[in-house]
Amino acid sequence: MDLKLKDLRYLVALADLRHFGRAAARCYVSQPTLSAQLKKLEESLGVQLIERTPNNVTLTAAGEEIVARARRIIEASDEVVTLARSHQDPLGGRLRLALLPTIGPYLLPEVAPVLRKALLRLKLHLYEYQTAPMLEKLHAGELDVGILALPVELEGLEARELYREEFVLAVPERHPLAARERVRVAELRDETLLLLEEGHCLRDQALEVCSRVGVRDSQDFRATSLETLRQMVAAGAGVTLLPELAGRGAYRSGRGVALRPFVRPAPVRHIGAVWRKTTPRRAAIEAVCALIAQHAP
């Protein structure tokens, strides 16, 4: 049978959106065209893929299994095209790069101008995800490279450390530790530690650092961002650990908050890049990584 790639794209779009109209819009075809092509696909395969009801679209068991394989076929097809284009211009085209929410806002102002100037033909598409969804999208071929905190599970992936970032302590400006030039982790004993919500790797890193000395985790507060943490510290709700970059530049002069470095050796996190072993964009990824490693503070 003549299995067409575009029909598989139609099927995957319907599986993602569960709506014929929206799936057709994603595929830039009319709804009748998409519906007719999927009906032909079912007839060609001799199996029902879609359960059609007036208010709902679901996949049959066969449909779910075929969609899973269709995604891999589409990913492989896209990689063929990307590979061909990368051979034409290894440092050109689109590169989909994701960063952690605790990295992107602070690293990008430092390195984005350098990347734009050095890699004129490369079009960076930037995204922000937490670690788990970032890794899922890397495996699915929806991202080319992720910038996150290492280590992570690397099955099917490669990683490169880009830089190490020290943590700093954020305390209310009238806190006794604000008068210190540097602080020791042990001096945080019995302090109330403010943390990000579950899913942020920075939460786990801060807990790992502070659990050694008996710091109390505030059980009734979970922040969604570092800036929320900063505001809660300013309000006197507790103390927190911030990545060093989050205490530089425009973020350094937060009202009501004092930032203090730790006595060396300070606790650090390791920031790196992760990509698929099979990626056709290796040259572009390595060029981006080299520039970030060179210019990250």
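Note: the structure precedes this text.
The following paragraphs examine the structure supplied in this document. (Residues numbered from 1 in each chain as written. Predicted model: local features only at pLDDT ≥ 70, side-chain atom pairs only at ≥ 80, totals over all residues. Heavy atoms only, no water.)

## Some words on the overall build of the protein chain
Then, number 1: Scanning the protein chain from N- to C-terminus turns up nine helices and eleven strands.
Then, number 2: Across its three principal axes, the protein chain shows a C-alpha extent of roughly 75 × 45 × 30 Å.
Then, number 3: Per-residue burial over the protein chain gives 45% buried out of 297 residues.
Then, number 4: Considering only contacts in the protein chain between residues 6 or more positions apart, those separated by 24 or more positions represent 74%.
Then, number 5: Total accessible area on the protein chain stands at roughly 15500 Å², and carbon and sulfur atoms take up 51% of it.
Then, number 6: Counting 42 positive and 37 negative side-chain charges, the protein chain places the centres of these two groups 5 Å from one another. (Helix = DSSP H or I, 4+ residues; strand = E, 2+ residues; numbered from the N terminus. Buried < 20%, exposed > 50% of the residue type's maximum accessible area, 1.4 Å probe, protein only. Contact = heavy atoms within 4.5 Å. Areas by Shrake-Rupley, 256 points an atom, 1.4 Å probe, with all protein chains shown as cover. Lys, Arg positive; Asp, Glu negative; His and termini not counted. Charge placed at Lys NZ, Arg CZ, Asp CG, Glu CD.)

## Description of a nonpolar patch on the surface
Then, number 1: Residues Leu-3, Leu-45 and Val-47 make up a contiguous nonpolar surface patch of about 200 Å² in total accessible area.
Then, number 2: Summarising the element assignment, Leu-3 is placed in the segment before α1 (5-17).
Then, number 3: By relative accessible area, which is 41% here, Leu-3 ends up partly exposed. (Patch = residues over 30% accessible without salt bridge, like charges linked within 9 Å, V, L, I, M, F, W, Y side chains within 5 Å. Salt bridge = Lys/Arg side-chain N within 4 Å of Asp/Glu carboxyl O.)

## Quick word on the side chain of Asp-7
Then, number 1: Within the fold, Asp-7 resides in helix α1.
Then, number 2: Comment: no salt bridge for buried Asp-7; closest opposite-charge side chain is Lys-6, at 5.4 Å.
Then, number 3: The residues touching Asp-7, leaving out its near neighbours within four places in the chain, are Gln-37, Leu-38 and Leu-41.

## Things to note about the nonpolar core
Then, number 1: Leu-107, Ile-147, Tyr-163, Leu-169, Leu-241, Phe-262 and Ile-292 are the most contacted members of the largest nonpolar core, which totals 70 residues.
Then, number 2: Considering each element in turn, this core owes the most residues, eight residues, to strand β6 (residues 157-172).
Then, number 3: Of all hydrophobic cores here, the second largest spans 21 residues; its members include Leu-8, Ala-15, Phe-20 and Leu-59. (Core = buried A, V, L, I, M, F, W, Y, C linked by side-chain atoms within 4.5 Å.)

## With respect to the packing of α1 against helix α3 (residues 31-45)
Then, number 1: Following both chains from N to C, one finds α1 and α3 inclined at 110 degrees, their axes separated by 10 Å at the closest point. With respect to each other, α1 and α3 are oriented roughly perpendicular. Where α1 approaches α3, its residues Lys-6, Asp-7, Tyr-10, Leu-11 and Leu-14 are matched on the opposing element by Leu-34, Gln-37, Leu-38 and Leu-41.
Then, number 2: Partitioning the contact of α1 with α3 into residue classes produces six nonpolar, one polar and two charged. (Axes fitted to C-alpha atoms, helices over the stretch in contact; angles between N-to-C directions. Parallel < 35°, antiparallel > 145°, perpendicular 65-115°, else oblique. Nonpolar A, V, L, I, M, F, W, Y, C, P; charged D, E, K, R; others polar.)

## What about helix α7 (residues 201-210)?
Then, number 1: Across the ten residues of α7, seven count as buried, placing the element largely inside the fold.
Then, number 2: The set of residues buried in α7 consists of Cys-201, Leu-202, Arg-203, Gln-205, Ala-206, Val-209 and Cys-210.

## Details of α1
Then, number 1: Spanning 13 residues, α1 covers 18 Å between terminal C-alpha atoms, matching the ideal 18 Å at 1.5 Å per step.
Then, number 2: Taken together, the buried positions of α1 are occupied by Asp-7, Leu-8, Tyr-10, Leu-11, Val-12, Ala-13, Leu-14 and Ala-15.
Then, number 3: The secondary structure elements touched by the buried residues of α1 are α2 (20-26), α3, β1 (50-53), β2 (56-59) and α4 (61-88).
Then, number 4: Arg-18 sits one or two residues past α1 and shows a positive phi near 55 degrees. (Expected span 1.5 Å × (residues − 1).)

## Topic: the environment of Phe-167
Then, number 1: With respect to the helices and strands, Phe-167 occurs in strand β6.
Then, number 2: Measuring from C-alpha to C-alpha, the distance between Phe-167 and Leu-245 comes to 8.9 Å, with 78 residues separating the pair along the chain.
Then, number 3: Discounting residues that sit within four places of it in the chain, Phe-167 has contacts with Leu-202, Gln-205, Leu-241, Leu-242, Pro-243, Phe-262, Pro-267, Val-268 and Arg-269.

## Considerations on the pattern of salt bridges
Then, number 1: Tallied over the full model, the rule gives 17 salt bridges.
Then, number 2: The closest approach of N and O atoms between Arg-276 and Glu-75, which form a salt bridge, is 4.0 Å. One end of the pair, Arg-276, is in strand β11 (residues 268-276); the other, Glu-75, is in helix α4, and 201 residues separate them in sequence. Each member of the pair, Arg-276 as well as Glu-75, carries the same accessibility label: buried.

## Section: the side chain of Thr-279
Then, number 1: Considering the arrangement of structural elements, one finds Thr-279 in the loop between β11 and α9 (282-295).
Then, number 2: Only 3.0 Å separates the side chain of Thr-279 from the backbone nitrogen of Arg-281, close enough to count as a polar contact. (Polar contact = N/O pair within 3.5 Å; in protein donor to acceptor, adjacent residues only side chain to side chain.)

## Describing the packing of aromatic side chains
Then, number 1: Under the counting rule described, the total for this entry stands at one aromatic pair.
Then, number 2: Centroid distance Tyr-127 to Tyr-129: 6.3 Å. Interplanar angle 15 degrees. Geometry classified as stacked. (Phe/Tyr/Trp six-rings, centres within 6.5 Å; stacked < 30°, edge-to-face > 60°.)

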